Amino acid sequence: MEALGHHSGSVSYPLPRGPRVNLGCGPVMPKGWINVDGSRRAWLVAHAGGLDRLLVRLGLLRAAPFRPDIIHHDLRKPLPWARDSLAAIYAGEVWEHFEYEDARRLTEECHRVLMTGGVLRLCVPDGVEFWENYLAIFREQQAREPEARDVARLRRHVRMYFDDICTRPPGLKSFGHFHKWQYDEVQLVDLFMRCGFKDVSRQTFGVSRIPDIGILERSDFLIVEGVKR
Ligand SMILES: C[S@@+](CC[C@H](N)C(=O)[O-])C[C@H]1O[C@@H](n2cnc3c(N)ncnc32)[C@H](O)[C@@H]1O
């Protein structure tokens, strides 16, 4: 396994020609990609665009973050493409929103629909970085006299974990907005490999076998890429 390089940009790779899909796109809807999201607003824009625009004009909804060509799909269901039909799949900050088993099924689905030579690239928050930051704050504060410690910094970190990361509120509220799993490089590389991907490795932000990755990759988090062989 080898990282592709350390400079921003594409690497020389014969990506097959074919459709490229951006899963869980949110407001990031680059041209030249099929942009997919499963939120209720994506459903409204995709299936009742006139009603959506009317509700915006009446001031009942804010302007949608989606263009009318958004594809609405709940990624916990099988992907709506044929076997061996896509050249590339990207998902930025999406996999952590699924229970682990749902993420595993979705990764297998990505493998099914990609062509031979097709690339899956995922970007997720890095659990290791989160806990390393926690430990760094802890050690810094522990080294001080108790009266001189800034305990609030540790509490903020713990609150972020319980409020934004590991919370599993029941019902609709949980859709897409809370993390249901935490990844690290070891787990994510393993997930790709168990789902059949080859040449799996952690990648640098902006460096990819997918030539125009710069137009849709937003976060320099944990990024892993694999190829269907
Ligand atoms: C944190 S946003 C990431 C948006 C964008 N990809 C980016 O890089 O900024 C997560 C997106 O995943 C979508 N999402 C979450 N669960 C989903 C599901 N089950 N099916 C489809 N989309 C889902 C949400 O609607 C949301 O737009």
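If you're wondering where the values come from, they're calculated on a predicted model, not measured in any experiment.

Turning next to the sheet that holds strand β6 (residues 114–124). Spatially, the seven strands line up as an open sheet ordered β4-β3-β2-β5-β6-β9-β7, and their pairing is mixed. Each edge of the sheet is formed by a strand with only one pairing partner; in this case those strands are β4 (71–72) and β7 (198–202). The sheet contact formed by β6 and strand β9 (residues 222–227) spans six bridges and is antiparallel. In the strand pairing of β9, Val-119 is matched with Val-227. In this fold helix α3 (residues 100–113) packs onto β2 (20–23), β5 (86–92) and β6, with an angle of close to 150° to the strand it touches most, β6. Set on the sheet, helix α6 (residues 185–194) makes contact with β6, β7 and β9; between it and β9 the angle comes to about 20°.

So, about the pattern of salt bridges. Applying the stated rule across the entire model yields 19 salt bridges. A salt bridge links Arg-121 to Glu-225, with the shortest nitrogen-to-oxygen separation between them at 2.5 Å. In this pair, Arg-121 sits in strand β6 while Glu-225 sits in strand β9, placing the two residues 104 residues apart along the sequence. For the salt bridge of Asp-163 with Arg-159, the shortest nitrogen-to-oxygen distance reads 3.6 Å. Linking Asp-163 with Arg-159, this pair stays in helix α5 (residues 151–165), spanning four residues, or about one helical turn. A residue is classified by how much of its surface remains accessible, and Asp-163, at 36% relative accessible area, is partly exposed. Among the residues examined, Arg-159 registers a relative accessible area of 55% and is labelled exposed. Each of Arg-121, Arg-209, Glu-217 and Glu-225 takes part in one network of salt bridges that share partners.

Thresholds, definitions, all that
- As a convention, each chain's residues are numbered from 1 in the sequence order in which they are written.
- Local features in a predicted model are, by the rule used here, given only for residues with pLDDT of at least 70; side-chain atom pairs are given and counted only at 80 or more, and totals for whole chains, interfaces and linings are based on all residues.
- In computing side-chain values, all of the structure's heavy atoms are included and hydrogens and water are not.
- Pairing between two strands is assigned when DSSP locates at least 2 bridges connecting them.
- Secondary structure is summarised from DSSP: a helix means a run of H or I of at least four residues, a strand means a run of E of at least two, and numbering begins at the N terminus for each.
- Throughout, a contact is declared for two residues whenever any of their heavy atoms are within 4.5 Å.
- Helix axes use the C-alpha atoms of the stretch in contact, all axes being lines fitted to C-alpha atoms, and the angles between their N-to-C directions lie in the range 0 to 180 degrees.
- We define a salt bridge as a contact between a side-chain nitrogen of Lys or Arg and a carboxyl oxygen of Asp or Glu at a distance within 4 Å.
- Only protein chains enter the accessibility calculation, which uses a 1.4 Å probe; a residue is then buried when its area is under 20% of its type maximum, exposed when over 50%, and partly exposed in between.

In short, shape yes, function no, at least from these values alone.
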